[in-house]
Amino acid sequence: MRALVLGSGGREHALARGLALAPSVDEVLCAPGNPGMAALAECVPVAADDPVAVADLADARAVDLVVVGPEQPLVNGVVDAVAARGRLAFGPVAAGARLEGSKAWMKEVLVAAGVPTAAHGTFGPDDEAAALAFLDALPGLYVVKTDGLAAGKGVVVTESIADARAAVRGYLSGAAFGDAGRTLVIEEGLTGPEVSLLVVCNGDPAGACALAPAQDFKRVGDGDTGPNTGGMGAYSPVPVAGPDLVDAVMADCVVPTLHELARRGIAYRGVLYAGLMLTPTGPKMLEYNVRFGDPECEVVVPRLRTDLGALCRAAAAGEALPPVEFTDDACVTVVLASEGYPASPRTGDPITGLAEAAAVEGAIVFHAGTRRVGDDVVTAGGRVLAVSALGPTVADARARAYAASDRITWPGRLRRTDIAAGV
Ligand code: AMP
Ligand code: GLY
């Protein structure tokens, strides 16, 4: 089959590689792709978040399966547009992508489904006084989120009531994130380790299948300091998330959510990403995303033994999923970011050492924000590369990922040094 991967980040590079290695896939196309993806697939300059342009491309190239990386094309209805042409697309329809597109709606669904989650209130532009009063009543760790998509930057977690109040005012006025913040969700702060569980869904709540859990490192600095980012590294498997925990989360959280969506007329297909916090009183759902995590995808997909093309095709077609199997090897990824990330990343610097890094045993270098300029590959985004490595244990995989990333440099290259440390 011919597969088309939408997007241009590290997650999409990992998906394109996984599909290129899959026996069921004869050819991989990418739109728009990146220089790393161009090494294993044809990249076509079509905007991933334009549903009509993507559906036209799928028709023109007789694509059998579109695999959607990022959330924006899903929220824009790319799966609906491709399906309307009688082709398969792996991902939820726009009505399902609303789980990520509106945090207020997601919380409403969670509550209706009886899923354990942080206590919350939802407030609109005229509710500032009520929002501030709700904050005052919280016990001390304050969480303020934009309702709409904000490129991973719309969440403030703070112990400072002054900062929380400032966030509420900035969001509701539209000053901080425009319309995305004019409705906001305030939550009680939870504590505990976080786990990302990616669940492949085929439209039947009983047919959903969890992939191996991963853990992501969200803050920019070592020791979980500094601002939230898209993720600075990840590893899988996760010792604190064994099979019993996965079973419990599927039974108590994911399957009830899929039933609630079905009740609302949404047969959810694609990946449902459960962002969990393992609190002292049990796992609680922080958020759902409607796509693979990035950089979780860069550690989960390399461990997958199952044919990725067959898995995504079955889910997209609403068929029973093939058995999902993983290698016993662990995988760790270390994100290399540019100076100034996440606020104002510097770009345009030539990257050296890519081939040397890929030569490290078990290493796979995924391009996240790069561009080709002549013979050079240059930095073109905040997160530039995700350097993954497989190894017999998390510690071995970690040592290899760092050894590989040591070989790559450019001016101002930034990374955490404690990804998967001590696991
Ligand atoms: P979200 O986009 O909702 O996943 O939030 C991004 C990050 O903010 C999460 O991965 C957590 O690290 C943190 N976060 C979100 N909600 C809460 C909460 N209720 N309590 C503590 N931390 C949170
Ligand atoms: N790594 C977090 C996310 O993909 O949303």
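Everything below is about the structure printed above this text.
Fair warning: this is a prediction, and the values are worked out from it, not measured in the lab. (Residues numbered from 1 in each chain as written. Chains lettered and ligands numbered in written order. Predicted model: local features only at pLDDT ≥ 70, side-chain atom pairs only at ≥ 80, totals over all residues. Heavy atoms only, no water.)

**Here's the deal with the overall build of the protein chain**
Selection criterion: In this text, helices come from DSSP runs of H or I with a minimum length of four residues, and strands from runs of E with a minimum of two, each type numbered from the N-terminal end. With the radius of gyration taken over C-alpha atoms, the globule rule is written as 2.2 Å times the number of residues to the power 0.38. Each residue is assigned to one of three classes by its accessible area relative to the maximum for its type, calculated with a 1.4 Å probe on protein chains only: buried under 20%, partly exposed between the two thresholds, exposed over 50%. Only heavy atoms matter for contacts: two residues are in contact if any of them lie within 4.5 Å across the pair. Computed with a 1.4 Å probe, the accessible areas rest on the Shrake-Rupley method; for each residue, only the protein chains presented here act as cover.
Scanning the protein chain from terminus to terminus reveals 15 helices and 22 strands. Its C-alpha atoms give the protein chain a radius of gyration of 20 Å, near enough to 22 Å, the size a compact globule of 423 residues would have. Considering only C-alpha atoms, the protein chain reaches an extent of 55 × 50 × 40 Å along its principal axes. Across the 423 residues of the protein chain, 56% fall into the buried class. Look at the contacts in the protein chain between residues 6 or more apart in sequence, and 67% of them connect residues 24 or more apart. When the accessible surface of the protein chain is split by element, carbon and sulfur atoms take 52% of a total near 15,600 Å².

**Quick word on the environment of Ser-160**
Its location among the elements puts Ser-160 in the loop between strand S8 (155–158) and helix H9 (161–172). For the pair Ser-160 and Asn-34, spaced 126 residues apart in the sequence, the C-alpha separation amounts to 40 Å.

**Some points on the pattern of salt bridges**
As a reminder, the rule being used: Salt bridges, as used here, are contacts in which a Lys or Arg side-chain nitrogen is within 4 Å of a carboxyl oxygen on Asp or Glu.
Per the counting criterion, the structure on display carries 28 salt bridges. For the salt bridge of Glu-319 with Arg-313, the shortest nitrogen-to-oxygen distance reads 2.6 Å. Glu-319 gets classed as partly exposed once you look at its relative accessible area, which sits at 37%. The closest approach of N and O atoms between Arg-400 and Glu-361, which form a salt bridge, is 3.5 Å. Linking Arg-400 in helix H15 (residues 394–406) with Glu-361 in the loop between helix H14 (354–358) and strand S19 (363–367), this pair joins segments that are 39 residues apart in sequence. By relative accessible area, Arg-400 is classed as partly exposed at 21%. What you see here is one network of salt bridges that share partners, running through Arg-2, Glu-27, Glu-42 and Arg-61.

**Digging into the site of ligand 2**
Put simply, the rule reads: One heavy atom suffices: a residue is near a molecule or strand as soon as one of its heavy atoms comes within 4 Å of it. Polar contact is the term for a pair of N or O atoms within 3.5 Å; when the atoms are in protein, one must be able to donate a hydrogen and the other to accept it, and sequence-neighboring residues count only if both atoms are side-chain atoms.
Close to ligand 2 lie Asp-216, Lys-218, Gly-230, Tyr-273, Asn-289, Arg-291, Gly-293, Asp-294, Pro-295 and Glu-296. Within the backbone of Gly-230, a nitrogen or oxygen atom sits 3.0 Å from a nitrogen atom of ligand 2. Contact distances for ligand 2 include 3.4 Å between an oxygen atom and a side-chain N or O atom of Asn-289. Considering ligand 2 on its own, with 200 Å² of exposed area, one finds that the protein chains cover 90% of that surface.

**Digging into the packing of helix H7 (residues 103–113) against helix H11 (residues 243–263)**
A pair of packed helices is captured by two measures, namely the crossing angle of their axes and the spacing between those axes. Selection criterion: Note on method: axes are straight lines fitted to C-alpha atoms, helices fitted across the in-contact stretch only, with angles between N-to-C directions ranging 0 to 180 degrees. Each angle is binned into one of four classes, with values under 35 degrees roughly parallel, values over 145 roughly antiparallel, values of 65 to 115 roughly perpendicular, and all other values oblique. Charged residues are taken to be Asp, Glu, Lys and Arg, nonpolar residues to be Ala, Val, Leu, Ile, Met, Phe, Trp, Tyr, Cys and Pro, and polar residues to be all remaining types, Gly included.
Where H7 contacts H11, the axes come no closer than 9 Å and their chain directions differ by 105°. Overall, the two elements H7 and H11 adopt an arrangement that is roughly perpendicular. Seen from H7, the contacting residues are Trp-105, Val-109, Leu-110, Ala-112 and Ala-113; seen from H11, they are Pro-256, Thr-257, Glu-260 and Leu-261. Counted by class, the contact of H7 with H11 contains 7 nonpolar, 1 polar and 1 charged residues.

**A word on H7**
The buried count for H7 comes to 8 of 11 residues, which makes it a mostly enclosed element. Along H7, the positions that sit buried rather than exposed are Lys-103, Ala-104, Trp-105, Met-106, Lys-107, Val-109, Leu-110 and Ala-113. Two residues or fewer after H7 comes Gly-114, characterised by a positive phi angle close to 70°.

**Describing the sheet that holds strand S12 (residues 215–216)**
Where strands meet in a sheet, backbone hydrogen bonds hold them as pairs that are either parallel or antiparallel. Spelled out, the test is: Only when DSSP finds a minimum of two bridges between them are two strands counted as paired.
Strand order in the open sheet formed by 5 strands is S12-S15-S18-S22-S19, and the pairing between neighbours is antiparallel. The strands lining the two open edges of the sheet, one partner per strand, are S12 and S19. With 5 bridges joining them, S19 and strand S22 (residues 383–391) adopt antiparallel strand pairing. Following the sheet pairing, His-367 is matched in S22 by Leu-385. Contacting strand S15 (233–236), strand S18 (330–337), S19 and S22, H15 runs over the sheet at an angle of about 140° to S22.

**Here we look at the nonpolar core**
Worth spelling out the cut-off: Residue types Ala, Val, Leu, Ile, Met, Phe, Trp, Tyr and Cys, when buried and joined through side-chain atoms within 4.5 Å, form a set referred to as a nonpolar core.
Core analysis: the biggest nonpolar cluster contains 83 residues, and Val-66, Leu-99, Tyr-288, Leu-385 and Ile-408 have the highest contact counts within it. It is H11 that provides the largest number of residues to this core, a total of 8 residues. With near-sequence residues (within four places) excluded, Val-66 lies in contact with Leu-4, Leu-6, Val-54, Ala-58, Val-82, Leu-88, Ala-89 and Phe-90. Counting residues in hydrophobic clusters, the runner-up holds 44 residues, among them Ala-234, Val-301, Cys-312 and Cys-331.

**A short note on the site of ligand 1**
In the vicinity of ligand 1 there are 16 residues, among which Lys-145, Glu-187, Leu-190, Glu-194 and Glu-287 approach most closely. Here ligand 1, which alone exposes 470 Å², has 91% of that area covered by the protein. Contributions of two or more residues to the shell around ligand 1 are made by strand S7 (142–146), S8, strand S9 (184–188) and strand S17 (282–289). Tallied by class, residues from the shell around ligand 1 come to 7 nonpolar, 2 polar and 7 charged.

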